[in-house]
Amino acid sequence: QAEDGIRDVERSRGLGDVYKRQVYRQVEITVKDKDQPPVFVGLDDVYNIKENELFKLRLNATDPDGDVLKYSYSGFMDSDVLKTDYDDAGEYKVNVTVSDGKKSVTKEAEIQVRNVNRIPELDKIKDKTVYENQTLMFELKAKDKDGDNIIYSLKQGPYGANVSGGVFTYTPGFDVTDDEKTFLVTFAAADYENETRRTSKISVRNVNQKPVIESSSMDYMGDSVKFSAVAKDFDGDNLTYRWIFGIFDSYGGGSSHIRKFTTPGKKTIKLLVSDGKDTVVQKWSVNVAAPEQKVVEKPVETTEPIAQLQPKTYK
């Protein structure tokens, strides 16, 4: 479009004013918009993340025309946020498309998901009780979600305890306690990288050891007999002795006793040795013979002269 017009133009020439008239035409120019595509900025080619990680894809795109941009995703991701799982280790492709509504640009990125080792899970171990000189045995149980081989071990425990092939064994000796003693025991289950520990309690209860009669003897002393015994208690308990010669014939005392038998027959002698909890018995058997006696036989009457009688000896 043009519009005609006239206007005066003043131009100075130095000697005077000169006036001219200039004809002009106004023209309107229309500039049509040409859309420019968006431009990606700061999108890496490779991203390294871990299993079980919350990941946000860093995006930065600009539009030379200042248009509002929209993003879309395809491939390994369908949005800019990804929560990986423990089975996602590997390499993946994701396509990111940015659009200004007229034109769009797509760029491919690589997502590398690294494996994360999961710690073995060791089952809870209940507290245990065992008596001295008895064997406590139980199996440890654990699982590994990655399917790794599990190795069991004992980290802390009483002397003599052991874990082999996932089986715990412990046989406390008689010298562990005089009453009851409790130990803290720590177990571990490990794969090639991590381990899990569990702690429980093992209580050991005392078991009394019976006295032991190590030797005994029976010595003849004229018309008497001396009985002796050597006894020992491995718990160190005080020992008491009881000598029994019959139902109503018993005596206390020490480890020896002298006895004089007055009646013939087979005699059974018992020695009871006690530590206050248990009793052991030592027996002897004695045959008592009847004493020798002189028998006088009355002479037989005869009519023969006394001088002709022969002397006789009687036993």
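Residues numbered from 1 in each chain as written. Predicted model: local features only at pLDDT ≥ 70, side-chain atom pairs only at ≥ 80, totals over all residues. Heavy atoms only, no water.

**Student:** An account of the pairing of strand β20 (residues 212-221) is needed here, citing residue identities and associated values.
**Tutor:** Judged from the nine bridges that link them, β20 and strand β21 (residues 224-232) form a sheet pairing that is antiparallel. If you follow Met 218 over to β21, its bridge partner there is Phe 227. The hairpin turn running from β20 into β21, its antiparallel successor, is two residues long, and Gly 222 in that turn takes a positive phi close to 65°. (Pairing = 2+ DSSP bridges. Helix = DSSP H or I, 4+ residues; strand = E, 2+ residues; numbered from the N terminus.)

**Student:** Quick one: what's the story with unusual backbone geometry, residue by residue and with numbers?
**Tutor:** Positive phi, close to 60°, is recorded for Asn 52, a residue that is not glycine. Within the secondary structure, Asn 52 is located in the loop between β4 (46-50) and β5 (54-56). According to the relative accessible area criterion, Asn 52 is partly exposed, its value standing at 35%. Positive phi, normally seen in glycine, also occurs at Asn 133, with a value near 65°. Secondary-structure assignment places Asn 133 in the loop between β12 (128-131) and β13 (136-139). (Buried < 20%, exposed > 50% of the residue type's maximum accessible area, 1.4 Å probe, protein only.)

**Student:** Any chance you could break down the sheet that holds β13 for me, citing the residues and the numbers?
**Tutor:** Pairing in this open sheet of three strands is antiparallel, and the strands run β13-β17-β16 from one edge to the other. The outermost strands of the open sheet, each flanked by one partner alone, are β13 and β16 (162-164). Within this sheet the neighbouring strands show an average axis-to-axis angle of 20°, counted without direction. Relative to strand β17 (residues 167-170), β13 runs antiparallel, the two sharing four bridges. Counterpart to Leu 136 in the pairing with β17 is Tyr 170. (Axes fitted to C-alpha atoms, helices over the stretch in contact; angles between N-to-C directions.)

**Student:** Lay out the pattern of salt bridges with the relevant residues and their values.
**Tutor:** Scanning the model with the defined rule gives eleven salt bridges in all. Measuring nitrogen to oxygen at the nearest pair gives 4.0 Å for the salt bridge that ties Arg 118 to Asp 87. Of the two residues, Arg 118 sits in the loop between β10 (104-114) and β11 (121-122) while Asp 87 sits in the loop between β8 (81-83) and β9 (90-99), which places them 31 residues apart along the sequence. A relative accessible area of 17% means that Arg 118 is categorised as buried. Via salt bridges that share partners, Asp 87, Arg 118 and Asp 146 belong to a single interconnected network. (Salt bridge = Lys/Arg side-chain N within 4 Å of Asp/Glu carboxyl O.)

**Student:** Which residues make up the sheet that holds β4, and what values do they have?
**Tutor:** Sheet architecture is open: four strands sit in the order β4-β10-β9-β7, paired in mixed fashion. Only two strands of the sheet have a single partner each, and these edge strands are β4 and β7 (70-75). Taking the axes of each pair of neighbouring strands and ignoring which way they run, one obtains an average angle of 30° across the sheet. Alignment of β7 against β9, held across six bridges, turns out to be antiparallel. By the bridge assignment for β9, Ser 72 is matched with Thr 97.

**Student:** Kindly report on the nonpolar core, identifying the contributing residues and their values.
**Tutor:** Counting residues in each nonpolar core, the largest one holds 17 residues, and the members touching the most others are Phe 138, Phe 168, Tyr 170, Phe 187 and Ile 202. Counting only elements with at least two residues in this core, the list comes to β13, β17, β18 (180-190) and β19 (195-205). Looking at this core element by element, the count peaks at four residues for β18. Residues in contact with Ile 202, not counting those within four places in the same chain, are Lys 128, Val 130, Leu 136, Phe 168, Tyr 170, Lys 181, Thr 182, Phe 183 and Val 185. (Core = buried A, V, L, I, M, F, W, Y, C linked by side-chain atoms within 4.5 Å. Contact = heavy atoms within 4.5 Å.)

**Student:** Help me get a handle on a nonpolar patch on the surface, residues and values and all.
**Tutor:** Where nonpolar side chains cluster on the molecular surface, the patch consists of Val 27, Ile 29 and Val 31 and spans about 370 Å² of accessible area. Mapped onto the elements of the fold, Val 27 is located in strand β2 (residues 17-27). On the basis of relative accessible area, Val 27 is assigned to the exposed category, the value being 55%. (Patch = residues over 30% accessible without salt bridge, like charges linked within 9 Å, V, L, I, M, F, W, Y side chains within 5 Å. Areas by Shrake-Rupley, 256 points an atom, 1.4 Å probe, with all protein chains shown as cover.)

**Student:** Describe the packing of aromatic side chains, listing the residues and the values that go with them.
**Tutor:** All told, the structure shown has nine aromatic pairs when counted by the stated rule. A ring pair is formed by Trp 243 and Trp 284, whose centres lie 5.6 Å apart and whose planes are at 20°; its orientation type is stacked. Here Trp 243 is found in strand β22 (residues 240-246), whereas its partner Trp 284 is found in strand β26 (residues 279-288), with 41 residues between them in sequence. As far as burial versus exposure is concerned, Trp 243 and Trp 284 are alike and both buried. These aromatic residues form a ring-pair network of at least three members: Phe 227, Trp 243, Phe 245, Tyr 251 and Trp 284. Lying across the ring of Phe 138, Lys 128 places its NZ or CZ 4.9 Å from the centre. Above the plane of the ring of Phe 245 lies Arg 259, whose end atom (NZ or CZ) is 4.3 Å from the centre. (Phe/Tyr/Trp six-rings, centres within 6.5 Å; stacked < 30°, edge-to-face > 60°. Lys NZ or Arg CZ within 6 Å of the ring centre and 35° of its normal.)

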